[in-house]
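Each chain is listed here by its residues.
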Amino acid sequence: EAGVAQSPRYKIIEKRQSVAFWCNPISGHATLYWYQQILGQGPKLLIQFQNNGVVDDSQLPKDRFSAERLKGVDSTLKIQPAKLEDSAVYLCASSLVYIEAFFGQGTRLTVV
Amino acid sequence: AQKVTQAQTEISVVEKEDVTLDCVYETRDTTYYLFWYKQPPSGELVFLIRRNSFDEQNEISGRYSWNFQKSTSSFNFTITASQVVDSAVYFCALSEAGRDDKIIFGKGTRLHILP
């Protein structure tokens, strides 16, 4: 069974630039999560989708971050404009309802 | 409020020693799920175990064991006869059944197994 796919693996951008991350969840998983993991910290939930609807985006900085899940499958997370403090690993995960989440390898973003 | 506390930031033990990673959680729900994940240096979060709130049986899987105690809101993880490959950051996580499957993570414990 294929796992959660994320791209790119690494991205370096200058502050105020825009960046987008892509996630393809495990087939059949209705729930999709985006987490932000700053170095030395635990993953912080940014947004959670159930199929193509947003369940929770309370910690998403909506003035600069946006996310969508097309047709309830793939998802894109965008940052515009990026700030230095956005440097982190962005993790995508997917799950069946009330089952453990499976994570992708993440995208390491460095904002300079 | 939904919260996970891993008080141990970093632990170092010598190979073959046993080590226990602590996890304390807070929840208002009676139905919830607890998880442990391992994050090796490669960065990917690897699922280890899931327990639901109605199942307090301890679980053993090879050198790994988990002790779930609702009375103390704890879900501790023990590695027996540790190996260098166990070196990683370990995260405890909580999901409340009434909170749309939202999974909240602790800050993690970095485990160093010294040869």
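Rules used throughout
Residue positions are given per chain, counting from 1 as you read along its sequence in written order. As they are written, the chains are lettered A onward and the ligands numbered 1 onward, keeping that order. Two thresholds apply to this predicted model, a pLDDT of at least 70 for residue-level local features and 80 or more for giving and counting side-chain atom pairs, whereas whole-chain, interface and lining totals are computed over all residues. As a convention, hydrogens and water are excluded, and side-chain values are obtained from all of the structure's heavy atoms. Under the scheme used here, helices are H or I runs from DSSP no shorter than 4 residues and strands are E runs no shorter than 2 residues, and both carry numbers assigned from the N terminus. Between the two quantities, the radius of gyration covers C-alpha atoms and the globule rule is 2.2 Å times the number of residues to the power 0.38. Classification of residues uses two cut-offs on accessible area relative to the type maximum, computed with a 1.4 Å probe and protein chains only: under 20% is buried, over 50% is exposed, and between them is partly exposed. In this scheme Phe, Tyr and Trp rings, the latter by its six-membered ring, pair at centre separations within 6.5 Å, and the angle between planes marks the pair as stacked below 30 degrees, edge-to-face above 60, and tilted otherwise. Note on terminology: pairs of cysteine sulfur atoms within 2.5 Å are recorded as disulfides. In this analysis, two residues are considered to be in contact whenever any of their non-hydrogen atoms come within 4.5 Å of each other. When two components associate, each loses some accessible surface as probed by a 1.4 Å sphere; the sum of these losses over both components is called the buried area. What makes a salt bridge here is a side-chain nitrogen of Lys or Arg within 4 Å of a carboxyl oxygen of Asp or Glu, nothing more. Whenever two N or O atoms come within 3.5 Å, that pair is a polar contact, provided that in protein one can donate a hydrogen and the other can accept it, and provided that, for residues adjacent in sequence, both atoms are side-chain atoms. Side-chain classes are defined by residue name, with Ala, Val, Leu, Ile, Met, Phe, Trp, Tyr, Cys and Pro counting as nonpolar, Asp, Glu, Lys and Arg as charged, and the others, Gly among them, as polar.

A. A look at the overall build of chain B. When helices and strands are tallied, chain B shows zero helices and twelve strands. The linear arrangement of helices and strands in chain B, starting from the amino end, is β-β-β-β-β-β-β-β-β-β-β-β. For 115 residues, the compact-globule estimate of 2.2 N^0.38 gives 13 Å, and the C-alpha radius of gyration of chain B, at 14 Å, lies within 12% of that figure. Out of the 115 residues in chain B, the part that is buried amounts to 47%.

B. Region of interest: the packing of aromatic side chains. Enumeration over the complete set of coordinates arrives at 20 aromatic pairs over all chains. Summarising the aromatic geometry, the rings of Y35(A) and F103(A) are spaced 5.7 Å apart at their centres and angled 45° between planes, so their arrangement reads as tilted. One end of the pair, Y35(A), is in strand 4 (residues 31-37); the other, F103(A), is in strand 10 (residues 102-103), with 68 residues separating them in the sequence. There is no split in this pair, since Y35(A) and F103(A) are both buried. Ring geometry for Y25(B) and Y32(B): centres 5.2 Å apart, planes at 50°, overall tilted. Comparing Y25(B) with Y32(B), the two get one shared label, buried.

C. Fine view of the state of the cysteines. Here the structure, examined in full by the defined rule, presents two disulfides over all chains. A sulfur-sulfur separation of 1.9 Å characterises the disulfide bridge that pairs C23(A) with C92(A). One quick way to see it: the torsion about the S-S bond of C23(A) and C92(A) is about -70°, and its sign makes the bridge left-handed. Taken together, the positions of C23(A) in strand 3 (residues 19-24) and C92(A) in strand 9 (residues 88-95) put the pair 69 residues apart, joining distant regions of the chain. Just as C23(A) is buried, C92(A) falls in that class too. Here C23(B) pairs with C92(B) through a disulfide, and the sulfurs are 2.0 Å apart. Torsion about the S-S bond of the C23(B) and C92(B) cystine: about -65°, corresponding to left-handed handedness. Within this pair, whereas C23(B) is found in the loop between strand 3 (19-21) and strand 4 (24-26), its partner C92(B) is found in strand 10 (residues 88-96), the two being separated by 69 residues in sequence. Residue classification places C92(B) among the buried residues on the basis of a relative accessible area of 0%.

D. Seen up close, the environment of F103(A). F103(A) sits in the buried class, given a relative accessible area of 4%. Taking the C-alpha atoms as reference points, F103(A) and Y33(A), separated by 70 residues in sequence, lie 9.0 Å from one another. Sequence-distant contacts of F103(A), that is, excluding residues within four places in its chain, are made with V4(A), Y35(A), L91(A), C92(A), A93(A), Y37(B), E44(B), L45(B) and F105(B).

E. The interface of chain B and chain A, seen in detail. Counting residues at the interface gives 18 residues for chain B and 25 residues for chain A. Interface area for chain B against chain A, summed over the two sides, is near 1,800 Å², with a carbon-plus-sulfur share of 52%. Linking chain B with chain A are two salt bridges. Of the charged contacts, one joins E100(A) and R50(B) as a salt bridge, the two residues approaching to 3.1 Å between their closest N and O atoms. Our enumeration of links across chain B and chain A arrives at five residue pairs in polar contact (both at pLDDT 80 or more). Classifying every residue of the side of chain B that touches chain A gives nine nonpolar, three polar and six charged.

Just distances and angles here, no functional claims.
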